[in-house]
Amino acid sequence: MVVDLSVSIGSLQLKNPVLTASGTFGYGLEFRRFGNLGALGGVVVKGTTLQPRAGNKPQRIVETAAGMLNSIGLENPGVDFFLTHYLPQLRDLGVTTIVNLAGNTIDEYCQLAERLQQPGIAALELNISCPNVKAGGMAFGTSEEVVYQVVQAVRRHTKLPLIVKLSPNVTDIAAIARAAEAAGADAISLINTLLGMAVDIRTRRPILGNVVGGLSGPAIKPVALRMVWQVAQAVKVPIIGMGGIMTASDAIEFLLCGASAVQIGAANFVEPTTAWRVIDGIAEYLEQQGIASVRELIGSLQI
Amino acid sequence: MISPCTGTIVSNEQLSRTIWLLRVEAPVIAQQVEPGQFVQVRVTSTYDPLLRTPLSVHDSDPDRGTIDLLYQTVGTSTQLLSNYREQMRLDILGPLGKGFTLPTGPKSSFALLVAGGIGIAPMLLLARFLMANQVSTRLLYGARTASDMVRIDAFEKLGVTVACSTDDGSYGVRGNVVDLLADFLQSGAGGEIFACGPTPMLKALQSLARERELAAQLSLEAYMACGLGACLGCAVAVPGGGYKHVCTDGPVFAAWEVEL
Ligand SMILES: Cc1cc2nc3c(=O)[nH]c(=O)nc-3n(C[C@H](O)[C@H](O)[C@H](O)COP(=O)(O)OP(=O)(O)OC[C@H]3O[C@@H](n4cnc5c(N)ncnc54)[C@H](O)[C@@H]3O)c2cc1C
Ligand SMILES: Cc1cc2nc3c(=O)[nH]c(=O)nc-3n(C[C@H](O)[C@H](O)[C@H](O)COP(=O)(O)O)c2cc1C
Ligand code: FES
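Residues numbered from 1 in each chain as written. Chains lettered and ligands numbered in written order. Predicted model: local features only at pLDDT ≥ 70, side-chain atom pairs only at ≥ 80, totals over all residues.

Visitor: How would you sum up the overall build of chain A? Please name residues and give values.
Guide: Helix and strand counts for chain A stand at 8 helices and 18 strands. A globule of 303 residues ought to have a C-alpha radius of gyration of about 19 Å, and chain A, at 18 Å, matches this closely. Once the C-alpha set of chain A is aligned to its principal axes, its extents read approximately 55 × 50 × 40 Å. For chain A, the proportion of its 303 residues judged to be buried stands at 54%. Taking the intrachain contacts of chain A between residues at least 6 apart in sequence as the baseline, contacts between residues at least 24 apart amount to 70%. (Helix = DSSP H or I, 4+ residues; strand = E, 2+ residues; numbered from the N terminus. Rg over C-alpha atoms; globule rule 2.2 N^0.38 Å. Buried ≥ 20, exposed ≤ 12 C-beta atoms within 10 Å, placed from the backbone. Contact = placed C-beta atoms within 7 Å.)

Structure (structure tokens):
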């Protein structure tokens with residue numbers, strides 16, 4: 001039995017529902033020795049800003065129970081370097097490339113979106129977990145009004161499919177998702193990392209140079225699943241789920257809860273072939289269950 | 001070419017209270033590895049610990065297809081590694097990173113290997129390559145106490161001259177290894193420095209090398225997630241601002257390249 005793995009995220013057609021998450025797979029090129037990048041549903045590249053960023057001071061990562069904290073601080077070489085250096089290589093390799101945008105003002109997001117209207121870029125993913133400097137550094141993604149404003153503004157500056165990536169550090173994730181949908185998002189991805197902290201009792205200091213950081217890995221999967229499920233009840237646009245996916249069965253759980261596709265994050269660090277294994281594992285599951293298309297799984301959770 | 005591989009363990013031997021020597025079949029890594037490069041070992045398939053453990057390649061035997069890792073049990077991952085027995089399989093990714101740059105100068109060139117504690121790990125493969133290139137090689141090795149000093153015989157077998165220091169004076173000279181090096185340089189000797197050890201030691205070495213205008217290569221440690229240049233977690237500051245990445249730009253850096 002040949003199973004159909006293809007899914008669509010709005011107007012974006014994906015070969016299969018498995019993408020790699022921003023910041024965990026570099027520009028894809030770091031992983032080309034482990035598999036064919038063109039065979040992935042897509043690669044979401046590292047968060048890209050208008051100007052190059054040096055990132056936060058070390059220590060930037062620490063392992064925690066079944067997970068890790070990171071405070072990388074969006075280190076990246078800037079959008080121009082991405083366009084001249086990485087995009088041509090990704091295009092040549094036939095990679096479905098999605099660019100993750102990070103900004104500190106609505107204007108920055110809009111400028112980025114315009115700059116990224118380029119052949120070889122399949123979609124944009126708006127990272128709204130960034131601090132909004134005009135609002136005292138509070139993350140864009142924590143207020144419905146601000147989410148609406150930034151998504152609506154970026155929407156006017158791009159024709160590319162626009163995915164809005166939600167921060168889980170909010171009280172009502174469904175309300176934020178509805179604001180993004182109302183402002184013109186083509187899809188919603190979630191979750192970004194959960195804000196966390198780790199302490200060294202010998203030095204009595206925080207372990208991370210930045211004091212706080214984002215939690216990812218298997219530890220956050222139950223929270224991520226719950227949020228994907230809640231958002232799936234709240235919006236009609238497709239959802240891309242992530243948070244702690246290590247295996248195909250983890251990925252299938254997200255599809256059942258209403259995600260049309262998934263992203264693999266921290267698992268890429270543990271086992272660099274994870275994304276390819278998850279694709280194979282989903283296909284195997286469909287064969288075993290006698291299901292013709294992965295689309296039949298989406299949102300099919302029985303309550 | 002980096003390859004994930006699962007190798008069969010040949011031996012895992014306790015050398016001191018906390019230091020172990022592991023030999024594992026990894027033919028591709030054994031063929032390709034250069035001194036100073038490392039591997040990422042996955043000590044468990046569960047999620048505790050989740051991330052891989054970076055370990056330097058201590059030695060390699062391309063003919064037999066084995067590599068040696070020398071590790072100190074400091075926490076969960078390294079403790080778990082010490083439970084591995086021969087015939088068990090171990091998941092290893094490597095070789096990774098940019099290792100030591102071997103001197104290409106005249107055959108009379110002189111190498112000073114400076115190791116502090118478990119910083120001895122990458123030095124054996126380096127010594128092997130240097131001796132094969134007829135570079136006369138001296139090891140200056142410092143540890144806390146005599147029982148923490150391991151593998152000296154392996155260096156001597158290669159024909160390396162070994163001088164030691166311990167914090168408590170129980171083996172070699174009392175004091176730290178940077179002082180040992182300073183004393184040695186006092187006699188008018190020189191050479192290129194290749195060092196690995198705790199950051200305070202590397203910092204002291206960096207200023208000594210600058211003072212004496214000696215070339216020095218330092219092997220650094222950083223907390224790592226991927227080891228592949230993807231997560232950007234392993235940042236080390238560079239003079240003038242910004243960061244390099246220990247896993248791909250290093251772990252070996254020229255002393256002037258980094259701000260410790
Ligand atoms: C490129 C590289 C090469 C290395 N080579 C060797 C080697 O050949 N032999 C060896 O014994 N060790 C080596 N290390 C250090 C080794 O990776 C750590 O000791 C190990 O990851 C500790 O894991 P753990 O779970 O046992 O200890 P944990 O419980 O994680 O930590 C125990 C203690 O070690 C410190 N530590 C943990 N991880 C690191 C790290 N990545 N860098 C510095 N300090 C750390 C912690 O702060 C803590 O104090 C190397 C590190 C790097 C980056
Ligand atoms: C080291 C690291 C860097 C990350 N960088 C970004 C980033 O630049 N932009 C972004 O939107 N998310 C970033 N993330 C979040 C991931 O894309 C993902 O949302 C999160 O890690 C949850 O998935 P996981 O548990 O599978 O890792 C990063 C995560 C990690 C671990
Ligand atoms: S450890 Fe991930 S970039 Fe160096």
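Visitor: Now, about the sheet that holds strand E8 (residues 121–127) of chain A: what can you tell me, with residues and values included?
Guide: All names here are of chain A. Pairing is parallel around the closed barrel formed by 8 strands, whose spatial order is E3-E4-E7-E8-E11-E12-E17-E18. On average, each strand axis in the sheet is inclined to that of its neighbour by 25°, with strand direction left out of account. Here 3 bridges tie strand E11 (residues 162–165) to strand E12 (residues 187–190), and the two strands are oriented parallel to one another. In the strand pairing of E12, isoleucine 163 is matched with alanine 187. (Pairing = 2+ DSSP bridges. Axes fitted to C-alpha atoms, helices over the stretch in contact; angles between N-to-C directions.)

Visitor: For the site of ligand 2, give the residues involved together with the corresponding values.
Guide: Lining the immediate environment of ligand 2, one finds 26 residues, of which Ala21, Gly23, Gly47, Ser216 and Gly265 of chain A sit closest. In this structure, ligand 2 is bordered by residues of chains A and B. The residue inventory of the shell around ligand 2, partitioned by class, reads 9 nonpolar, 15 polar and 2 charged. (Near = placed C-beta within 6 Å. Nonpolar A, V, L, I, M, F, W, Y, C, P; charged D, E, K, R; others polar.)

Visitor: Before we move on, could you go through helix H3 (residues 144–156) of chain A and cite the residues and values that matter?
Guide: All names here are of chain A. The end-to-end C-alpha distance of H3 is 19 Å, a good match for the 18 Å that 13 residues give at a rise of 1.5 Å each. Turning to H3, its buried residues are Val146, Val147, Val150, Val151 and Val154. Viewed along the axis of H3, the buried residues span an arc of 120°, placing them on a single side of the element. Exposed side of H3, more than 90 degrees from the buried face: Glu145 and Arg156 are the residues found there. (Expected span 1.5 Å × (residues − 1). Arc of directions from axis to C-beta.)

Visitor: Quick rundown of the interface of chain B and chain A? Include the residues and the values.
Guide: Contacts between the two partners involve 24 residues from chain B and, on the opposite side, 27 residues from chain A. Each residue belonging to the side of chain B that touches chain A can be placed in one class, and the counts come to 17 nonpolar, 4 polar and 3 charged.

Visitor: Now, about the site of ligand 1: what can you tell me, with residues and values included?
Guide: All names here are of chain B. For ligand 1, the set of nearby residues contains 21 residues, the closest of which are Ser56, Gly75, Ser77, Thr78 and Ala121. Elements with a minimum of two residues in the shell around ligand 1: strand E4 (53–56), strand E6 (66–72) and helix H2 (76–82). Residue contributions to the shell around ligand 1 peak at 4 residues, all from E4. For the shell around ligand 1, the class distribution of residues is 13 nonpolar, 7 polar and 1 charged.

Visitor: Can you break down the packing of helix H4 (residues 173–182) of chain A against helix H5 (residues 221–234) of chain A residue by residue, with the values?
Guide: Residues and elements named next belong to chain A. H5 packs onto H4 with a crossing angle of 50° between their chain directions and a minimal axis gap of 9 Å. In terms of axis orientation, H4 runs oblique to H5. You can see that H4 and H5 cross each other, and the crossing is right-handed. Every residue of H5 that contacts H4 at Ile173, Ala174, Ala177 and Arg178 is listed here: Met227, Gln230, Val231, Gln233 and Ala234. (Parallel < 35°, antiparallel > 145°, perpendicular 65-115°, else oblique. Left-handed = near helix turned anticlockwise from the far one by under 90°.)

Visitor: Give a detailed account of the domain arrangement of chain B, specifying residues and quantitative values.
Guide: Residue and element names in this part refer to chain B. Its domain assignment divides chain B into domain 1 (3–96), domain 2 (100–219) and domain 3 (220–260). On a C-alpha basis, the centroid separation for the pair domain 1 and domain 2 is 24 Å. Contact residues are listed per partner, giving 13 residues for domain 1 and 15 residues for domain 2. Taken together, the elements giving at least two residues each to the side of domain 1 that touches domain 2 come down to strand E5 (59–61) and E6. (Domains from an automatic or database assignment.)

Visitor: Go over unusual backbone geometry, please, and point to the residues and values.
Guide: Looking along the chain, the bond that leaves proline 58 of chain A and enters glutamine 59 of chain A is cis, with omega of 0°. Its place among the elements puts glutamine 59 of chain A in the loop between strand E4 (42–48) and strand E5 (61–64). Backbone torsion omega between glycine 250 of chain B and proline 251 of chain B reads 15°, so that peptide bond is classified as cis. Structurally, the position occupied by proline 251 of chain B is in the loop between strand E15 (243–245) and strand E16 (252–254). Of note in the backbone geometry, glutamine 134 of chain B takes a positive phi value of approximately 60° without being a glycine. Turning to its location among the elements, glutamine 134 of chain B is positioned in the loop between helix H3 (123–132) and strand E9 (136–143). A positive phi angle is found at leucine 232 of chain B, which is not glycine, with a value near 65°.

Visitor: Please give an account of the confidence of the model for chain B that cites residues and values.
Guide: The predicted model of chain B averages 94 in pLDDT, with 97% of residues at 70 or higher. Across the assembled chains, the prediction reports ipTM 0.95 with pTM 0.96. (pLDDT = per-residue confidence, 0-100.)

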